[in-house]
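Next come the chains, spelled out residue by residue.
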Amino acid sequence: QVQLVESGGGLVQPGGSLRLSCVASGFTLKNTAIAMTWYRQAPGKERELVALITSSGATNYADSVKGRFTISRDYAKNTVYLQMNGLEPEDTALYYCKIVIPGRTYWGQGTQVTVSS
């Protein structure tokens, strides 16, 4: 029954903001997750790591989003978030949540983010 469900994507103008959510079910993030991450993939490009947060709370970001994106977790809601500010057309992609637990990696189905005027 383990599942990751992303939401929050959509169409936004350059300079706008979105907050993506990744709701985990079937396990408890607080007790199980080793790494909680967001990836993105644009058409014709490789899937890339955007942001990561570990069980200890340490974070890492791709250089292209550093200072604009913030990854966070809310254990009470069993949810991982990606706050995206100052969005640029280059941020347009399908965004995926990926969570690593001992011996297993789970992927969400993705949520589309389109940045266009």
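Caption draft 1: Structural view of the overall build of the protein chain. Counting its secondary structure elements, the protein chain contains one helix and 11 strands. Ordered by position from N to C terminus, the α and β elements of the protein chain give β-β-β-α-β-β-β-β-β-β-β-β. Taken over the C-alpha trace, the protein chain has a radius of gyration of 14 Å; the compact-globule value for 117 residues is 13 Å, and the two agree within 12%. Projected onto the principal axes, the alpha-carbon positions of the protein chain cover approximately 40 × 25 × 25 Å. For the protein chain, the residues scored as buried account for 41% of the 117 residues in total. Put simply, the protein chain has 11 plus and 8 minus side-chain charges, and the middle of one group is 9 Å from the middle of the other.

Caption draft 2: Expanded view of the state of the cysteines. Evaluation of the coordinates by the stated rule reveals one disulfide. What pairs with Cys22 in a disulfide is Cys97, and their sulfur atoms sit 2.1 Å apart. In this structure, the disulfide formed by Cys22 and Cys97 twists by about -80 degrees around the S-S bond and is classed as left-handed. Residue Cys22 is found in strand S3 (residues 18–25), and its partner Cys97 is found in strand S9 (residues 93–101); the two are separated by 75 residues along the sequence. Taking relative accessible area as the criterion, Cys22 reaches 0% and is therefore assigned buried.

What counts and how
Residues numbered from 1 in each chain as written. Predicted model: local features only at pLDDT ≥ 70, side-chain atom pairs only at ≥ 80, totals over all residues. Heavy atoms only, no water. Helix = DSSP H or I, 4+ residues; strand = E, 2+ residues; numbered from the N terminus. Rg over C-alpha atoms; globule rule 2.2 N^0.38 Å. Buried < 20%, exposed > 50% of the residue type's maximum accessible area, 1.4 Å probe, protein only. Lys, Arg positive; Asp, Glu negative; His and termini not counted. Charge placed at Lys NZ, Arg CZ, Asp CG, Glu CD. Disulfide = S-S within 2.5 Å.

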